[in-house]
Amino acid sequence: MNNIEISQIATLPTKYGTFKIQAFKEDDKEHLAIFTENLDEIETPIVRVHSECLTGDAIGSVKCDCGEQLAFAQELIGKEGGMIIYHRQEGRNIGLLNKVNAYALQDKGFDTVEANHQLGFKADERTYEVVEFILKYFGIKELKLLTNNPRKIESLGDIKIVERLPIQITPNPYNEDYLRVKKDQMGHLL
Ligand SMILES: [Zn+2]
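Residues numbered from 1 in each chain as written. Predicted model: local features only at pLDDT ≥ 70, side-chain atom pairs only at ≥ 80, totals over all residues. Heavy atoms only, no water.

Visitor: Teacher, can you tell me more about a negative patch on the surface here?
Guide: Taken together, the side chains of Glu5, Asp27, Asp28 and Glu30 make up a negatively charged region of the molecular surface. Relative to the helices and strands, Glu30 is located in strand S4 (residues 29–35). (Patch = residues over 30% accessible without salt bridge, like charges linked within 9 Å, V, L, I, M, F, W, Y side chains within 5 Å. Areas by Shrake-Rupley, 256 points an atom, 1.4 Å probe, with all protein chains shown as cover. Salt bridge = Lys/Arg side-chain N within 4 Å of Asp/Glu carboxyl O. Lys, Arg positive; Asp, Glu negative; His and termini not counted. Charge placed at Lys NZ, Arg CZ, Asp CG, Glu CD. Helix = DSSP H or I, 4+ residues; strand = E, 2+ residues; numbered from the N terminus.)

Visitor: It is not clear to me how the coordination of the zinc ion should be interpreted in this structure. Could you clarify?
Guide: Ideal coordination angles are 109.5 degrees for a metal with four donors arranged tetrahedrally and 90 or 180 degrees for a metal with six donors arranged octahedrally. Bound to the zinc ion are the protein donor atoms Cys53 (SG), Cys64 (SG) and Cys66 (SG), situated 2.2 Å from the metal. Sequence spacing among the residues donating to the zinc ion works out to C-x10-C-x1-C. Residue Cys53 is located in the loop between strand S5 (46–51) and helix H1 (54–57), and its partner Cys66 is located in helix H2 (residues 66–80); the two are separated by 13 residues in the primary sequence. For Cys53, a relative accessible area of 5% translates into the label buried. (Donors = N, O, S within 2.8 Å, 3.2 Å for Na, K, Ca; no water. Buried < 20%, exposed > 50% of the residue type's maximum accessible area, 1.4 Å probe, protein only.)

Visitor: In this structure, what is going on with unusual backbone geometry? I would like to understand it.
Guide: Leave glycine aside and you will find that most residues have negative phi; peptide bonds, for their part, are mostly trans. In the Ramachandran plot, Asp27 falls in the positive-phi region, its phi being about 50° despite a non-glycine side chain. The phi dihedral of Arg92 is positive, around 50°, even though this residue is not glycine. Tracing the chain through its elements places Arg92 in helix H3 (residues 90–93).

Limitation: the analysis is restricted to geometry and does not speak to function.
In structure tokens form, the structure reads like this:
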């Protein structure tokens, strides 16, 4: 990949333990690798590719399960070692403004897939080239992928996914329909 600017490595203490962070700037998108200090020593690290969700990750939205998935990943990886790639493709890569418009359609009764279609997008617009780039940059050749989304498993090129580890989230009254649509229409394994 061209035009990737890479930061220094910094230490980031969090409530889930102390991580190292490194930023990868791809045009106007700035992604983050969040990893444990022992990453180099782990043959098959646990990796979570987390898609940015500002509403779920930062302001406690319970409309989706992103915030809980991120917390689950940080807690597990903090303990077991590995890496979280914080992938800045907000709203399955339709951006924040379109996501809010999709939410407004959902307020009117459309589900998450229908709302995206109404706005002229596919249900999922994400791409994973930069994820592959970051994994290769760290010399990761095989990993255990923490995900409920089988599409992520197909899309990491020649990096070997040895195992898929599920994230189990308890649905709440606000996201149970959303989780059901992800399972029934988008092939998520729950
Ligand atoms: Zn979300």
